[in-house]
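# Structural description and commentary
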Amino acid sequence: MPGDRSRLRSPSGAPVASFTLHGIPVSRGIAIGRAHKLAPAALDVQHYLVAEELLEAEVRRLQEALAQVHVELQTLWNELPKDAPTELGAFIDVHALILSDPMISEEPLDIIRTRHYNAEWALLTQIDELSAQFDEIEDPYLRERKADIQQVAERVLKVLLGTAQTLPASSGEDEFQAQMIIVAHDISPADMLQFRDRSFIGFVTDVGGQNSHTAIVARSLDIPAAVGMAGASTLIEQDDWLIIDGDAGVVIANPSSLVLEQYRERQAVAARARKKLNKLKKTPAITKDGTEITLLANIELPDDCAAAMEAGANGVGLFRSEFLFMGRDSRIPSEDEQFEQYKRAVVAMKGRPVTIRTLDIGADKPLDQSEQTALNPALGLRAIRYCLAEPQIFLTQLRAILRASAFGKVRILIPMLAHAFEIDQSLAMVEQAKAALRERGEKFDEDVDVGAMIEIPAAALALPMFVKRMDFLSIGTNDLIQYTLAIDRVDYEVAHLYNPLHPAVLQLISMTIAAGHKAGIDVAVCGEMAGDIKLTRLLLGMGLREFSMHPAQLLSVKQEILNSDLARIMPQTRKIMRSMEPNVIADAVEQLQLM
Ligand code: PEP
Ligand code: MG
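Residues numbered from 1 in each chain as written. Chains lettered and ligands numbered in written order. Predicted model: local features only at pLDDT ≥ 70, side-chain atom pairs only at ≥ 80, totals over all residues. Heavy atoms only, no water.

Quick look at the overall build of the chain now. A count of helices and strands for the chain gives 23 helices and 16 strands. Taking all 595 residues of the chain together, 52% fall into the buried category. Contacts spanning at least 24 positions in sequence make up 70% of the contacts within the chain whose residues lie at least 6 apart. (Helix = DSSP H or I, 4+ residues; strand = E, 2+ residues; numbered from the N terminus. Buried < 20%, exposed > 50% of the residue type's maximum accessible area, 1.4 Å probe, protein only. Contact = heavy atoms within 4.5 Å.)

Below, the structure is given as structure tokens:
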């Protein structure tokens, strides 16, 4: 246990120095556990525990990959052109020697058998250890051989990845895994999803911003996380004890017993507060003056509906369907596969509406990491732009969503719309998908609502174009802020400029809410602002009546709503909306919370 000082020592027995890192808080709570470092190459590989009965098969998988690389190296050697420099043959020999060395050909097999790591993870663990040993070597030539080992490992990994199986669910209860905190340079949203079995209790990354999709997934896992911790993956050592203070964005490595005690106490206080919140599950979200507010859940996969129901959500306000498409080597799920998933979500929500957003692929959510070639992906062929450029993919998805509408209330939400022709084309394609289903005799809701995400400033400034064509609006504040302030939401170097309270952002949100209500259509906020209790009253004051957030935040927001009085909030909000002074706005928002 971390409280045991004897564990706060290096393998040599020397006490380990404690240090603190500051980053960006992205997911609340405190986690106390041991560091598990992901090497950059590991970002592409899965990490999971292998069941006892499958261990020998996993060992064989690695042995076969090693054998295949042997053959590859042999072929390379045999096919060396006659005029190739002699060093080339020597390099291949060195690689073949490394491959045959027991440190590579046997140690990782032991790791699979003893620690139950999957083949890729076992190999990387061994490579990490070898690399660390090489770093200690004085002789610069020998030290450089580390690169050779890594190249060989890359080769084996590539073979393994080509045959990689889908991630089996880990029990999450394994003692060895139970207290691990992932430390990485970066984690892609797809990789993060692989950790949702909760075998890991926290995340720390060198890069990332408050509203990068990775941060959003961390929040949806309800796991403490801190990103933008420059240098974390180099300063933190494998197996270091760590405390993540997710509220402050602080990581303490190798803490003293005293500090640990304080954080344990804070964990206990938080657990008590959570217990109190849980009592609000069935309470309707009504303000003190009697205004009812709709609280919806953001989900990434149908399984998240359980958490949404558990938190007492009135429905799903944002189903980020692209997560069904990610991590599949660019293989697009078929109409039937998609239909099954959408239907699962609809059935799980037991009659509550499920808002399915059509594929929002691109930017920091590529279908396949290797496909990311655009110079500026956030401004590129993303979301609806991609769907209109790939009509077959879009139509397939629309048919699948429509078919799910036969099983409960479904709404279709289109992301990243900016142009009238995009709206018109999208609606035409919904009609085309309906026609195809009618022809097949499939059931669906003929009156399915189609809504637009308002997440590009151009959309917020051209609302009549939207309200006239769409059944509802949902404000994607994450992207609205990104595009209004011209800051990449995943670039930690500009993360300090990401400000939801910038007057321009507030004006755009307020205008959208007002225009929707004037036209008599529903308006929700489904970006991260909706789940931030510091902003609940401001949004209520702007007239927002539908909030969509990840289920973990729902009860805190509900508590805030129950304690809010619109009659007091509205005048203060009007004052905020009249101001263009950041300090005035920030102070007034703080005061709102005290009302
Ligand atoms: C948003 O942009 O606010 C949003 C909800 O969509 P995403 O975060 O998936 O881009
Ligand atoms: Mg968005």
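Here we come to unusual backbone geometry. Phi is positive for Lys350, which is not a glycine, with a value near 50°. Note on placement: Lys350 falls in the loop between α12 (335-348) and β11 (354-357). Of the residues examined, Lys350 reaches a relative accessible area of 63% and is grouped as exposed. Unlike most non-glycine residues, Met416 shows phi in positive territory, near 65°. Here Met416 is to be found in the loop between β12 (410-414) and α15 (420-440).

This part is about the UniProt feature "binding site: Mg(2+)" (unreviewed entry) in the chain. Under the present numbering, the feature "binding site: Mg(2+)" (unreviewed entry) in UniProt falls on Glu455 and Asp479. Annotated residues spanning 25 residues; largest pairwise C-alpha distance 5.3 Å, indicating a single compact cluster. Positionally, Glu455 belongs in the loop between β13 (449-454) and α16 (457-460). The class for Glu455 is buried, based on a relative accessible area of 1%. Sequence-distant contacts of Glu455, defined by excluding residues within four places in its chain, comprise Pro415, Met416, Gly476, Asp479, Leu480 and Tyr483. A polar atom in the side chain of Glu455 sits 2.8 Å from the backbone nitrogen of Met416. Take Asp479: it is sitting in helix α18 (residues 477-485). If we skip the residues at most four places from it in the chain, Asp479 touches Arg382, Glu455 and Arg489. Separated by 2.8 Å, the side chains of Asp479 and Arg382 make a polar contact. (UniProt positions renumbered as here; feature names shortened; annotations may be inferred. Polar contact = N/O pair within 3.5 Å; in protein donor to acceptor, adjacent residues only side chain to side chain.)

Glancing now at the site of ligand 1. Around ligand 1, the surrounding shell holds 17 residues, and the nearest of these are Arg320, Arg357, Gly476, Asn478 and Arg489. One of the side-chain N or O atoms of Glu455 is found 3.0 Å from an oxygen atom in ligand 1. At a separation of 2.8 Å, an oxygen atom of ligand 1 approaches a polar backbone atom of Asn478. Considering every element that reaches the shell around ligand 1, the biggest residue donor is α18, with three residues. Broken down by class, the residue content of the shell around ligand 1 amounts to four nonpolar, five polar and eight charged. (Near = heavy atom within 4 Å. Nonpolar A, V, L, I, M, F, W, Y, C, P; charged D, E, K, R; others polar.)

Of the protein atoms, only Glu455 (OE) and Asp479 (OD) coordinate the magnesium ion (ligand 2), at distances of 2.0 to 2.1 Å. Here Glu455, found in the loop between β13 and α16, pairs with Asp479, found in helix α18; they are 24 residues apart in sequence, far enough to count as distant. As far as the burial class goes, Glu455 and Asp479 line up, both buried. (Donors = N, O, S within 2.8 Å, 3.2 Å for Na, K, Ca; no water.)

Let's shift gears to the confidence of the model for the chain. The predicted coordinates of low-pLDDT regions are not to be read in fine detail. Per-residue pLDDT for the chain averages 87, and the proportion of residues at 70 or more is 87%. Under a pLDDT of 50 for its full length, residues 1-14 has, in the predicted model, 25 contacts with residues more than four places off or in other chains. (pLDDT = per-residue confidence, 0-100.)

Right, let's get into the pairing of strand β5 (residues 200-205). Burial within β5 is extensive, with five of its six residues counted as buried. When strand β4 (residues 180-184) meets β5, the two strands line up parallel, connected through five bridges. Bridge assignment links Ile182 to a residue of β5, and that residue is Phe203. Bridge count for β5 against strand β6 (residues 225-227) is two bridges, and the pairing is parallel. (Pairing = 2+ DSSP bridges.)

To continue, consider the packing of aromatic side chains. If you walk through the whole model with that rule in mind, you get three aromatic pairs. Plain terms: the ring middles of Tyr117 and Trp121 are 3.8 Å apart, the flat faces sit at 5° to each other, and that makes the pair stacked. According to the relative accessible area criterion, Trp121 is buried, its value standing at 1%. Between Phe319 and Tyr342 the ring centres are 5.8 Å apart and the planes differ by 80°, which places this aromatic pair in the edge-to-face class. With Phe319 in strand β10 (residues 316-320) and Tyr342 in helix α12, the pair connects residues that are 23 residues apart, well separated along the chain. Taken individually, Phe319 and Tyr342 each receive the classification buried, so the pair is uniform in this respect. Sitting above the plane of the Phe339 ring, Arg403 keeps its charged end 4.2 Å from the centroid. (Phe/Tyr/Trp six-rings, centres within 6.5 Å; stacked < 30°, edge-to-face > 60°. Lys NZ or Arg CZ within 6 Å of the ring centre and 35° of its normal.)

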